[in-house]
Amino acid sequence: MHRNISRAYDALWAEHERIRRIHMRILSQGDPKLERRLLRANPDSSKHHDEVLLYEGQLSRPQRRRVLKLISYGSKIERVMETLLKLRF
């Protein structure tokens, strides 16, 4: 049972990272240096959060909608991951 939970958690983590990469790619708007810097930043830091909000404000309306959907999907993945962690221990 624990092995299956671990596999599910790993798959969800990979999906979460994929969603984060897409999010940062949209924010960087084709600038590879900015995308790399955003991906390497600590997602829990307030400085990174402020920077993301700044770049989100510069997006077009359709891009903002897409980012909002990605964030919503990422949050759902995080909730499932938290539940799996509770089951694991």
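Residues numbered from 1 in each chain as written. Predicted model: local features only at pLDDT ≥ 70, side-chain atom pairs only at ≥ 80, totals over all residues. Heavy atoms only, no water.

## Section: the environment of aspartate 44
Alright, step 1. Here aspartate 44 is to be found in the loop between α2 (32-40) and α3 (46-57).
Alright, step 2. Separated by 31 residues in sequence, aspartate 44 and tryptophan 13 have C-alpha atoms that sit 16 Å apart. (Helix = DSSP H or I, 4+ residues; strand = E, 2+ residues; numbered from the N terminus.)

## Focus: the confidence of the model for the protein chain
Alright, step 1. Averaged over every residue, the pLDDT of the protein chain is 93; residues scoring 70 or more account for 98%.
Alright, step 2. Within the protein chain, the lowest mean pLDDT, 93, falls on helix α1 (residues 2-28), and the highest, 95, falls on α2. (pLDDT = per-residue confidence, 0-100.)

## Here we look at the pattern of salt bridges
Alright, step 1. All told, the structure shown has three salt bridges when counted by the stated rule.
Alright, step 2. Of the charged contacts, one joins glutamate 15 and arginine 18 as a salt bridge, the two residues approaching to 2.9 Å between their closest N and O atoms. With glutamate 15 and arginine 18 both in helix α1 and three residues apart, the pair spans about one turn of that helix.
Alright, step 3. Overall, arginine 18 belongs to the partly exposed group, its relative accessible area being 37%.
Alright, step 4. We note a salt bridge from glutamate 35 to arginine 25, for which the minimum N-O separation is 3.4 Å. Of the two residues, glutamate 35 sits in helix α2 while arginine 25 sits in helix α1, which places them 10 residues apart along the sequence. (Salt bridge = Lys/Arg side-chain N within 4 Å of Asp/Glu carboxyl O. Buried < 20%, exposed > 50% of the residue type's maximum accessible area, 1.4 Å probe, protein only.)

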